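Spelled out from the first residue to the last, the chains are:
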Amino acid sequence: MAEVGTNDTGILLESGTNELELLEFTVGSQHYGINVAKINELCPYSEPTLVPNSHEYIEGIFMPRERIITVINLAVALGIQTSSNTSKDMYIITNFNKLHTAFHVNQVLGIHRVSWEDIAKPDTTINSNGNGIATGIIKIEDRIIIILDFEKIVTEVNPETGLKLSDIDAMGERGRHDCPILLAEDSPLLLEMLKKCLLKAGYTHLIPTTNGLEAWNTLDRMMKDGGVIGQDIAAVITDIEMPQMDGHHLTKRIKTDPRMEGLPVIIFSSLVNDEMRHKGEELGVDAQLSKPEIGRLVQQLDILIG
């Protein structure tokens, strides 16, 4: 397990390996994880400045290097009682959905390089009705580490960071398209919102899957049954972070399979930064869009499907 220092966010350079670097941290006595690709930097905890009438998760704001960053207290967001001793507490400063956010945690333990294959998808007893906050679970040594849905936490604080049907309304009257589009998204909440937005945009034939492996198996079955690209499947929209198989590995499989030649793949993820964009380009992805730009996603679909 690697030691973690400030600005130590060594994103994997390889593309499509189905691996990630997972930062392990604690809140109370529980162990949690976050993809290193989401992290901008780590900072020692200092008491933030309180903001009146803010959301209950918000602990305040602080200003590292003249930039105002909102602090979310993960203990409050998770409903966990913690010690008043903050000597080992840290800020995990993230950068996704084009936002910088600091998450207050109790202790940062280190980085693990793991395969998405080893990360279990939470079952419905954990993530019932889309209310769960876990996107994956992995056991490392004798510890169970829960990978948190940080996007969901941020959306609960500020719904404007999520997908919005109003973005589709702003596009005006649209026709209906029955071309089949496969969706790969592990967050139940975001998958439902994505379906609603695409249906409102006129794309009526959606094939939802909850991770890259499920998406790949669906495509593989289609091809084995004589499926035709453009007719039985017209496009794939995939997240990057998903248990079992991530979006980059899914893209790699599609783009190297002769049966799926010409099948457009769109990455729609909160992780579309410069490093991730370069990886996607190496894999031959057709478009890469950052959540929550649902309007631009629809425009790309219009172009790629024609």
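Going by the structure above, here's the rest.
What you see is a predicted model; the values in this text were computed from it and never measured.

Participant: An account of the side chain of Asp239 is needed here, citing residue identities and associated values.
Facilitator: Mapped onto the fold, Asp239 is located in the loop between strand E13 (235-238) and helix H6 (247-255). Of the polar contacts made by the side chain of Asp239, one reaches the side chain of Ser269; its length is 3.4 Å. Residues within four places of Asp239 in sequence aside, it is in contact with Ala184, Glu185, Asp186, Gly247, Phe268, Ser269 and Lys291.

Participant: Could you give an account of empty space enclosed by the protein, with specific residues and numbers?
Facilitator: For the structure shown, the criterion picks out five cavities of 30 Å³ or more. There is about 130 Å³ of room inside the second largest cavity. The wall of the second largest cavity is formed by 16 residues, among which Thr135, Glu151, Asp186, Asp239 and Glu241 lie closest to the centre.

Participant: Could you give me a rundown of the packing of aromatic side chains, with the residues and numbers involved?
Facilitator: Scanning the entire structure with this criterion turns up five aromatic pairs. Plain terms: the ring middles of Phe103 and Phe150 are 4.8 Å apart, the flat faces sit at 80° to each other, and that makes the pair edge-to-face. With Phe103 in strand E7 (residues 99-105) and Phe150 in helix H2 (residues 150-157), this residue pair connects regions lying 47 residues apart in the sequence. In this structure Phe103 comes out as buried when scored by relative accessible area, which is 0%. Since its relative accessible area comes to 1%, Phe150 is described here as buried. Members of the aromatic cluster, joined through ring pairs, are Phe25, Tyr32, Phe103 and Phe150. Seen from the ring of Phe96, Lys38 lies directly overhead, with NZ or CZ sitting 5.9 Å from the centre.

Procedures and definitions
The residue numbering used here restarts from 1 in each chain and proceeds along that chain's sequence as written. Local features in this predicted model are restricted to residues whose pLDDT is 70 or higher, and side-chain atom pairs enter the listing and the counts only when it is 80 or higher, whereas totals over whole chains, interfaces and linings include all residues. Just so you know, side-chain values use all the structure's heavy atoms and leave hydrogens and water out. For the purposes of this entry, the term helix denotes a DSSP run of H or I that reaches at least four residues, the term strand denotes a run of E that reaches at least two, and both are numbered from the N terminus. Throughout this description, a polar contact denotes any pair of N or O atoms lying within 3.5 Å of each other; where both atoms belong to protein, one of them has to be capable of donating a hydrogen while the other can accept it, and for residues adjacent in sequence the pair is counted only when both atoms sit in side chains. Contacts were defined at the residue level, with two residues in contact if any of their heavy atoms lie within 4.5 Å. In this analysis a 1.4 Å probe is tested at points of a 1 Å grid over the protein atoms alone, and where it fits but cannot get out there is a cavity; an open set with protein on both sides within 12 Å along at least five of seven lines is a pocket; lining residues have an atom within 4 Å of a point. Grid points are joined across faces, edges and corners, and a volume is the space filled by probe spheres set on the points. Stacked, tilted and edge-to-face pairs are distinguished by plane angle, under 30 degrees for stacked and over 60 for edge-to-face with tilted covering the rest, among Phe, Tyr and Trp rings (Trp via its six-membered ring) whose centres lie within 6.5 Å. When a residue's accessible area, from a 1.4 Å probe over protein chains only, is under 20% of the maximum for its type it is buried; when over 50% it is exposed; and in between it is partly exposed. Note on geometry: a ring has a charge over it if NZ (lysine) or CZ (arginine) is within 6 Å of the ring centre and within 35 degrees of the ring normal.

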